[in-house]
Amino acid sequence: MNYKELIKMINHERMPKHIAIIMDGNGRWADEHNTKRVIGHKEGAKTVRRIVETAVEAGLKYLTIYAFSTENWQRSKQEVNYLLKLIMDSLVKEIDDLITNNVNIRFIGSKKELEKSYNKKVLNTCKTSWNNDGLHLNVAMNYGGRRELIDAFKLMSDDIISGKIEAERIDDEMVSNYLYTAYIPDPDLIIRTSGEKRLSNFLVWQSVYSEFWFTKTLWPDFSREEFIQSILDFQNRKRRYGTR
Ligand code: IPE
Ligand code: IPE
Ligand code: MG
């Protein structure tokens, strides 16, 4: 079945609100094709476009993509520079189309270390998309779940000291609203490609009750069909939240 037919099988009452994706396997794809890792990343960027388009067509509300982790700085300088440039160049290329499609785009992650990499035009254009009420696309860039929690603890401490909040009143909701993902619902479904079955510091606080969908497919080969299959699979699950 092609993805258009699969989309018709989605039960919109049981649609996940938020899907988060750990896009993994670009390097192995490159190895399999006897080419350089950066070519794998370039191919992976095409998959991003395909999956964002499909998410819009499927009527998804929130999509978070893990583009660059706080640990990814440990790769070679050449790979790091290529990746950061590729992420920005892809956004420069796609942003007008995204905005026309009513997509609301934001970055989540630490701004530290990235001042030079962010393209001013992209950042300003992102701001103009914040009135859009279609797909909310969160690009996790220099993102680490622990870094996010540490940043939140720091902000909360400042606010306790200045009397803005009371330590006694800290609860789940308040912590959530100090994160980069403030006011974004927790992910219902987390997809990881390439056969690895770990979180790799992604959405540490937010994933406590997420459903997981793992596939051996390498990110550059991840298809629209497989993406919709993951939604259909999610719709058959029973989420119990510890209640029974
Ligand atoms: C995912 O592919 C891209 C990023 C982590 C930025 P990898 O580069 O991790 O590919 P593998 O895991 O080496 O195959
Ligand atoms: C996770 O993939 C980070 C991103 C997809 C951006 P990695 O390839 O960096 O994770 P590990 O090293 O396999 O845990
Ligand atoms: Mg990897």
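Residues numbered from 1 in each chain as written. Chains lettered and ligands numbered in written order. Predicted model: local features only at pLDDT ≥ 70, side-chain atom pairs only at ≥ 80, totals over all residues. Heavy atoms only, no water.

Chemist: Even after reading the chapter, I still don't get the side chain of threonine 125, so can you show me in this structure?
Modeler: Within the secondary structure, threonine 125 sits in helix α5 (residues 120-128). On the accessibility criterion, threonine 125 (15% relative accessible area) is buried. When sequence neighbours within four positions are dropped, the list of residues in contact with threonine 125 reads Ile95 and Ile99. (Helix = DSSP H or I, 4+ residues; strand = E, 2+ residues; numbered from the N terminus. Buried < 20%, exposed > 50% of the residue type's maximum accessible area, 1.4 Å probe, protein only. Contact = heavy atoms within 4.5 Å.)

Chemist: When you look at the site of ligand 1 in this model, what are you seeing that I'm missing?
Modeler: Taken together, 13 residues surround ligand 1, and among them Asp24, Gly27, Arg28, Arg37 and Arg75 come closest. Between an oxygen atom of ligand 1 and a side-chain N or O atom of aspartate 24, the distance comes to 2.8 Å. Glycine 27 is positioned with one of its backbone polar atoms (N or O) 2.9 Å from an oxygen atom of ligand 1. Its free accessible area being 380 Å², ligand 1 has 86% of it covered by the protein chains. When atoms are counted within 2 Å of each cavity's grid points, the one that captures over half of ligand 1 is the largest pocket. Those elements that place two or more of their residues in the shell around ligand 1 are α2 (26-32), α3 (37-58) and α4 (77-100). (Near = heavy atom within 4 Å. Polar contact = N/O pair within 3.5 Å; in protein donor to acceptor, adjacent residues only side chain to side chain. Areas by Shrake-Rupley, 256 points an atom, 1.4 Å probe, with all protein chains shown as cover. 1 Å grid on protein atoms, 1.4 Å probe; cavity = no way out; pocket = protein on both sides within 12 Å on 5 of 7 lines; lining within 4 Å. Sits in = over half its atoms within 2 Å of the grid points.)

Chemist: Hey, could you run me through the sheet that holds strand β2 (residues 62-69) in this one?
Modeler: Working definition: the strands of a sheet are paired by backbone hydrogen bonds and lie parallel or antiparallel to each other. Reading across the sheet, the six strands line up as β3-β4-β2-β1-β5-β6 and stay open at both edges, with parallel pairing between neighbours. Two strands close off the open sheet at either side, each with one partner strand: β3 (104-108) and β6 (211-214). Put simply, the sheet's adjacent strands are angled 20° from each other on average, direction ignored. Pairing of β2 with strand β4 (residues 136-143) involves seven bridges; the strand directions are parallel. The partner of phenylalanine 68 across the bridge, within β4, is methionine 141. (Pairing = 2+ DSSP bridges. Axes fitted to C-alpha atoms, helices over the stretch in contact; angles between N-to-C directions.)

Chemist: Where do I start with the packing of α4 against α5 in this structure?
Modeler: Running from N to C, α4 and α5 point in directions that differ by 25°, and their axes come no closer than 10 Å. Classed by the angle they form, the pair α4 and α5 counts as roughly parallel. Taken as a pair, α4 and α5 cross one another with a handedness that is left-handed. On the side of α4, the interface is formed by Met88, Leu91, Val92, Ile95 and Ile99, while α5 contributes Val122, Thr125, Cys126 and Thr128. (Parallel < 35°, antiparallel > 145°, perpendicular 65-115°, else oblique. Left-handed = near helix turned anticlockwise from the far one by under 90°.)

Chemist: How should I be thinking about the packing of α3 against α4 in this particular structure?
Modeler: In a pair of packed helices, the angle between the axes and the distance between the axes together describe the arrangement. The N-to-C vectors of α3 and α4 enclose an angle of 25°; their axes lie 10 Å apart at closest approach. Classified by the interaxial angle, the pair formed by α3 and α4 is roughly parallel. Read as a crossing pair, α3 and α4 show a hand that is right-handed. In this structure, α3 contributes Arg37, Val38, His41, Lys42, Ala45, Arg49 and Val52 to the contact, and α4 contributes Glu79, Tyr82, Leu83, Leu86, Ser90, Glu94, Asp97 and Leu98. Residues that form the contact of α3 with α4 fall into these classes: seven nonpolar, two polar and six charged. (Nonpolar A, V, L, I, M, F, W, Y, C, P; charged D, E, K, R; others polar.)

Chemist: Which parts of the structure should I look at to understand the site of ligand 2?
Modeler: Surrounding ligand 2, one finds Ile22, Met23, Asp24, Tyr66, Ala67, Phe68, Ser69, Asn72, Arg75, Arg192, Arg198 and Ser200. In the model, an oxygen atom of ligand 2 is placed 3.3 Å from a nitrogen or oxygen of the arginine 192 side chain. Between arginine 198 and ligand 2, the recorded distance is 2.8 Å, taken from a side-chain N or O atom to an oxygen atom. Within the complex, 78% of the 390 Å² of free accessible area of ligand 2 lies under protein. For ligand 2, the cavity whose grid points lie within 2 Å of the majority of its atoms is the largest pocket. In terms of residue class, the shell around ligand 2 is made up of five nonpolar, three polar and four charged.

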